[in-house]
Amino acid sequence: MPLALLALAVGAFGIGTTEFVMMGLLPDVAADLGVSLPAAGHLVSAYALGVVIGAPLLAAVTARVPRRRVLIALMVLFVAGNALSALAPDHHWLLAARLLSGLPHGAFFGVGAVVATSMAAPDRKARSVSLMFLGLTVANIAGVPAATLMGQHLGWRATFLAVSAIGVAAIAALALLVPAASAPTPAAGLRGELTALRSLPVWLALGTTVAGFGALFAAYSYITPMLTDAAGYTDASVTLLLALFGVGATIGNLLGGRLADHSLRGTLFGGLTALTTVLALFPLLMTTPWTAALAVTLLGTAAFVTGSPLQLMVMEKAASAPSLASSANQAAFNLANAGGAWIGGLTLAAGHGVTSPAVAGAGLAVLGLAVAATAYALDRRTAPATPSHERLVATHVPERAETLQP
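Peer 1: For this particular structure, what's the right way to read the overall build of the chain?
Peer 2: The number of helices and strands found in the chain is 17 helices and zero strands. The proportion of buried residues among the 406 residues of the chain is 53%. Long-range contacts, defined here as pairs at least 24 residues apart, represent 84% of the contacts in the chain between residues at least 6 apart. In the form shown here, the chain has an accessible surface area of approximately 16,900 Å², with 71% of it arising from carbon and sulfur atoms.

Structure representation (structure tokens):
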């Protein structure tokens, strides 16, 4: 694997850290800026909104710019957003800075996936994408807990300055390790990118992302009350258990990349089936502390097995102009975040048990399987059939060639 993937992983680590660290810093930010906790929660939504807006917009605007230059520019924007967050004098300034920080998120992963696959052998494309995403999953194990502790002891502004420093390191790594020749300027341009996005198979792949990861976030958004109210853990133990989720996500990400290089569809169907099973068993697994810890780990593993296959599938369906579609998949991931949390919340508002969001998530995973099956059926229907005489020639040519050998 090219060393350039390390540069992409460093950028992914910084992005993953800034995305999730705000959840742990909300009480400190609210107290410092003099706003309520619900008002501070809008900072999480502002970042997600930035991802949804920025992913397709920045990918479209930079359609004809060399890919390495795009990645560096996106990280410059990332550093600016986090530095402005650290300097925010009030809540409204911080909202704008968080929106700005989220803008490069989706485009970085989308363009980064295109660059990663361009540097990999044909049988290692999914693995190359998974190694880039490794920075995101490791952020949940190390980056977010470390950044949260830093914010609690040195102030939340120090956290965003540290994340800015990670962004600067990523810029240097991208400039030094990503060769310009490995990521040529796209020939399709904006019109070609938009045309590729009109494809029904691309939208089916995006729909699978929304349903599949919506299943994850329906449960994960309410994992803390599940662990405390159902499994009996204390609030202080939740941080360690969330690190277990990060461990599971890292295992699933690496496993999914390796398996998808052998069978893209098989890995996707297997991952969604595993996710359905884990979520359906959540009410049972959340009854004891050790089974709850197992459930959190398995949730991360099953969900992130599908990450690389989905990203690669979207890119393959938009093969002539993959950057915009690849970035749109990151927007779909964040729509899944918001939609899954909303659907999980509906089950709680309806008066069902604390583990009911996981059951709703299992239903979304089944929906993801149905969308993926529809895409598979469409592929089989539209795939060109090989004439029988061509198959015959393909079978016999090697044999005839062997007979000509001395």
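Peer 1: How should the pattern of salt bridges be read in this particular structure?
Peer 2: For side chains bearing opposite charge, pairing can occur when the charged atoms are close. Taken as a whole, this structure holds four salt bridges when the rule is applied. Notably, a salt bridge pairs R127 with D261, separated by 3.3 Å at the nearest N-O pair. Of this pair, R127 sits in helix α5 (residues 125-154) while D261 sits in the loop between α10 (238-260) and α11 (264-280); the two residues are 134 residues apart in sequence, bridging distant segments of the chain. With respect to burial, R127 and D261 carry one shared label: buried. Between K317 and D379 there is a salt bridge, with the nearest N and O atoms lying 2.7 Å from each other.

Peer 1: I keep staring at α5 and nothing clicks. Help me out?
Peer 2: Residues three or four positions apart in an α-helix share a direction because the helix packs 3.6 residues into each turn. Across its 30 residues, α5 extends 41 Å between first and last C-alpha, which sits within 8% of the 44 Å expected from 1.5 Å per residue. The largest bend along α5 measures about 55° and falls at A139. Phi for G155, located one or two positions after α5, is positive at around 100°.

Peer 1: Please clarify how the nonpolar core should be interpreted in this entry.
Peer 2: Nonpolar side chains in soluble globular proteins tend to be buried together. Grouped together as the largest cluster of nonpolar side chains are 58 residues, with contacts concentrated most on L216, F282 and M286. With 10 residues, helix α8 (residues 200-220) is the largest single contributor of residues to this core. Setting aside residues up to four positions removed in sequence, L216 forms contacts with F245, L299, A303 and F304. Residues L5, A116, I171 and M315 belong to the second largest nonpolar core, which totals 36 residues.

Peer 1: Quick question: what am I supposed to make of the confidence of the model for the chain here?
Peer 2: Do not read the predicted coordinates in detail wherever pLDDT is low. When pLDDT is averaged across the chain, the result is 84; 89% of the residues are at 70 or more. Per-element confidence in the chain is highest for α11, whose mean pLDDT is 95, and lowest for helix α17 (residues 388-403), whose mean pLDDT is 41. Every residue in residues 386-406 is under pLDDT 50, and counting partners more than four places away or in other chains gives one contact.

Peer 1: What is the right way to look at the environment of G155 in this model?
Peer 2: Structurally, G155 is set in the loop between α5 and α6 (156-177). G155 sits 69 residues away from A86 along the chain, and the two C-alpha atoms are 9.8 Å apart.

Peer 1: Help me understand the packing of α11 against helix α14 (residues 307-317) in this model?
Peer 2: Relative orientation and spacing of two packed helices are given, respectively, by the angle between their axes and the distance between those axes. Orientation of α11 relative to α14, taken along the N-to-C sense of each, is 135°, at an axis distance of 10 Å. Between α11 and α14, the crossing angle belongs to the class labelled oblique. Regarding α11 and α14, the two cross each other, and that crossing is left-handed. Taking contact as the criterion, the partners of L264, R265, T267 and L268 in α11 are, on α14, P309, L310, L312, M313, E316 and K317. Taken together, the residues that form the contact of α11 with α14 break down as six nonpolar, one polar and three charged.

Peer 1: I tried to follow a nonpolar patch on the surface on my own but got confused; where do I start?
Peer 2: Together, L49, I53, L57, V61 and L99 make up a nonpolar patch on the protein surface, roughly 430 Å² of accessible area in all. For the nonpolar patch, the leading source of residues is helix α2 (residues 37-61), giving four residues. Locating L49 in the fold gives a position in helix α2. With relative accessibility at 47%, the residue L49 sits in the partly exposed group.

Peer 1: Where do I start with the packing of aromatic side chains in this structure?
Peer 2: Geometrically, a pair of aromatic rings is defined through the distance of the ring centres and the angle of the planes. Per the counting criterion, the structure on display carries nine aromatic pairs. Both rings, one in F108 and one in F109, keep their centres 6.1 Å apart while their planes meet at 85°; by these two values the pair is edge-to-face. Both rings, one in F245 and one in F304, keep their centres 6.3 Å apart while their planes meet at 75°; by these two values the pair is edge-to-face. Note that F245 is positioned in helix α10 and F304 in helix α13 (residues 289-304), a separation of 59 residues in sequence.

Peer 1: What should I look at first to understand the packing of helix α1 (residues 4-33) against α5 in this one?
Peer 2: The geometry of α1 relative to α5 is characterised by a closest axis approach of 6 Å and an angle of 35° between their N-to-C directions. Like other packed secondary-structure pairs, α1 and α5 cross with a definite hand, here right-handed. Of the residues belonging to the contact of α1 with α5, the class tally is 15 nonpolar, 10 polar and two charged.

Cut-offs and rules
Residues take numbers from 1 onward in each chain, read along the sequence in its written order. A pLDDT threshold of at least 70 governs which residues receive local features in this predicted model, and a stricter bar of 80 or more applies before side-chain atom pairs are shown or counted, although totals over entire chains, interfaces and linings include all residues. For side-chain calculations, the full set of non-hydrogen atoms in the structure is used, while hydrogens and water are omitted. Strands here mean DSSP runs of E at least two residues long; helices mean DSSP runs of H or I at least four residues long; both are numbered from the N terminus. Throughout this description, buried means an accessible area under 20% of the type-specific maximum (1.4 Å probe, protein chains only), exposed means over 50%, and partly exposed covers the range between. In this analysis, two residues are considered to be in contact whenever any of their non-hydrogen atoms come within 4.5 Å of each other. Only the protein chains shown count as cover for residues, and the accessible areas themselves come from Shrake-Rupley with a 1.4 Å probe. The term salt bridge refers to a side-chain nitrogen of Lys or Arg lying within 4 Å of a carboxyl oxygen of Asp or Glu. An expected span of 1.5 Å times one less than the residue number is assigned to each helix. What we call the bend at a residue is the angle made by axes fitted to the seven residues finishing there and the seven residues starting there. In plain words, nonpolar cores are sets of buried Ala, Val, Leu, Ile, Met, Phe, Trp, Tyr and Cys residues tied together by side-chain atoms within 4.5 Å. Residue-level confidence of the predictor is summarised by pLDDT, bounded by 0 at the bottom and 100 at the top. Orientation is described by axes fitted as lines to C-alpha atoms, over the contacting stretch for helices, and by angles from 0 to 180 degrees between their N-to-C directions. Angles are sorted into four bins: roughly parallel if under 35 degrees, roughly antiparallel if over 145, roughly perpendicular if 65 to 115, and oblique for all others. Two helices that cross are described as forming a left-handed crossing if the nearer one is turned anticlockwise from the farther one by less than a right angle, and a right-handed crossing if clockwise. Throughout, the ten residues Ala, Val, Leu, Ile, Met, Phe, Trp, Tyr, Cys and Pro are labelled nonpolar, Asp, Glu, Lys and Arg are labelled charged, and all others, Gly among them, are labelled polar. Patches were defined on residues exceeding 30% relative accessible area and lacking a salt bridge, with like-charge contacts within 9 Å and nonpolar side-chain contacts (Val, Leu, Ile, Met, Phe, Trp, Tyr) within 5 Å. Planes of paired rings set the category: under 30 degrees apart is stacked, over 60 is edge-to-face and the rest tilted, where pairs are Phe, Tyr or Trp rings (Trp by its six-membered ring) whose centres lie within 6.5 Å.

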